[in-house]
Amino acid sequence: MIKTLCFLFVASFASYSSSSANNQEDSQILEKNTISSSQKKLFVLTSTKTLQALIQKIAGDLLKIESLIKAKQDPHYLSAKPSYMLKANKADLLVLNGLDLEVGWLPNVIKGSRNPKIQKGKPAYLDVSDFIKPLSVVETKVDRFFGDIHPLGNPHFLLDPIKAIKVSKAIADKLSEMDSSNQSLYKKNQEEFEKNIFNKVKEWKQRIEQSKIKKIVSYHSSFEYFLERFNLQLVGLIEEKPGIPPSSKHVLQLVKKMKEEQVVCVLYSSFYQTKWTKKVKDMTKAQVYSVAVEVGALETVKNYTMLIEEIVQAIESCKQVK
Ligand SMILES: [Zn+2]
């Protein structure tokens, strides 16, 4: 597989022509990147749309910023496509979430990119999880065969707006280091983002308090950092382990617990539309809401503020349950 990908990569630099749709797509990307480099804009490549949105806030139009993940794709489950490697080859900076969120595909993209600048440990490799303290680190050795996709700790820290501020600062510092002529602008934009989000956090906290919702159940552990930030309790998860769908027994136990603890609010990522969320809804009086956990995962979530706003709105809607 890797061999094939490398072949495609090398072939794209020669004057090759191919009838395959994939190769055409790759050629178009290569062409676009060539245009970009002639305009001398630094090319920042991110793994996720949320990181792309954060960098856009700081850099505006100064940089070319692209995300490998398109809207509505779950970052846990992608494959290392040749087109990703071509993009990565042109990147001046790679920004990734880390904590193994992209472990199934990004390491192969980086390797296949043949871009020495963005290899792990190099200055143009920015793993933003280095700037936060992870929750739920698994102490014992994890065998991925059993589906545990969060062995280094929960990777969904960008749903905590205060952690997103920390990450934005790390990004602004890195951009300033790479492009010192625009340092003051990066600093100004980051400070503005920080101020806005900080004020929004105060507002979101108030609104969640007013909703009287204190307990949440979710499908995946996407909301762990969000819930901690807003003093909400995670009563249980619908999936049995990260990445593993539940057994009927697990769901029945969860429903029993939800009734005992009077949980009226269930959140699940729009990536996890399974029969089990409906089952929980049918068996309890809880309100069940699908929300975006990445910018772009739902049409309405176009930026970072909207990402958090929609989760807060879902929690506010839960209070209407009698
Ligand atoms: Zn996850």
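Residues numbered from 1 in each chain as written. Predicted model: local features only at pLDDT ≥ 70, side-chain atom pairs only at ≥ 80, totals over all residues.

Focus: the overall build of the protein
Logical step 1: If you tally the helices and strands in the protein, you get 11 helices and 8 strands.
Logical step 2: Counting over 322 residues, the protein shows a buried share of 41%.
Logical step 3: If you take every contact in the protein between residues at least 6 apart in sequence, the share linking residues at least 24 apart comes to 65%. (Helix = DSSP H or I, 4+ residues; strand = E, 2+ residues; numbered from the N terminus. Buried ≥ 20, exposed ≤ 12 C-beta atoms within 10 Å, placed from the backbone. Contact = placed C-beta atoms within 7 Å.)

Here's the deal with the confidence of the model for the protein
Logical step 1: Here the protein averages 87 in pLDDT, and 84% of its residues register 70 or above.
Logical step 2: The model gives residues 1–23 a pLDDT under 50, and that stretch makes 22 contacts with residues more than four places away or in other chains.
Logical step 3: Here residues 25–38 scores under 50 on pLDDT; set against residues more than four positions off or in separate chains, the count is 19 contacts. (pLDDT = per-residue confidence, 0-100.)

Digging into the packing of helix H3 (residues 49–59) against helix H7 (residues 183–211)
Logical step 1: Interhelical geometry of H3 versus H7 gives an angle of 120 degrees and a closest axis separation of 7 Å. Judged by the inter-axis angle, H3 sits oblique to H7. Contacts between H3 and H7 involve Lys57, Ile58 and Ala59 from the first element and Tyr186, Asn189, Gln190 and Phe193 from the second.
Logical step 2: Counted by class, the contact of H3 with H7 contains 4 nonpolar, 2 polar and 1 charged residues. (Axes fitted to C-alpha atoms, helices over the stretch in contact; angles between N-to-C directions. Parallel < 35°, antiparallel > 145°, perpendicular 65-115°, else oblique. Nonpolar A, V, L, I, M, F, W, Y, C, P; charged D, E, K, R; others polar.)

A closer look at unusual backbone geometry
Logical step 1: Positive phi, close to 55 degrees, is recorded for Ser136, a residue that is not glycine.
Logical step 2: Inspection of the secondary structure puts Ser136 in the loop between strand E4 (125–127) and helix H6 (161–178).

Describing the sheet that holds strand E3 (residues 93–96)
Logical step 1: As summarised here, the arrangement of the 4 strands in space is E2-E1-E3-E4, forming an open sheet in which the pairing is parallel. Only two strands of the sheet have a single partner each, and these edge strands are strand E2 (64–67) and E4. Averaged over all adjacent pairs, the angle separating strand axes in this sheet is 20 degrees, with direction ignored.
Logical step 2: Across 3 bridges, the pairing between strand E1 (residues 43–46) and E3 is parallel. (Pairing = 2+ DSSP bridges.)

Observations regarding H7
Logical step 1: Taking 1.5 Å per residue as the helical rise, H7 with its 29 residues ought to reach 42 Å, and the 41 Å between its terminal C-alpha atoms agrees with that figure.
Logical step 2: Taken together, the buried residues of H7 touch H3, H6 and helix H11 (304–318).
Logical step 3: Downstream of H7 by a residue or two, Lys212 has a phi angle that is positive, lying close to 65 degrees. (Expected span 1.5 Å × (residues − 1).)

Some thoughts on the pairing of strand E7 (residues 265–269)
Logical step 1: Within E7, 5 of the 5 residues are buried, which leaves the element mostly enclosed by the surrounding structure.
Logical step 2: Burial along E7 is two-sided: the face carrying Cys265, Leu267 and Ser269 and the face carrying Val266 and Tyr268 are both buried.
Logical step 3: Here strand E5 (residues 215–218) pairs with E7 via 2 bridges, running parallel. Bridging across to E7, Val217 finds its partner in Val266.
Logical step 4: With 5 bridges connecting them, E7 and strand E8 (residues 287–291) associate as parallel partners. The residue of E8 that forms the bridge with Leu267 is Tyr289.

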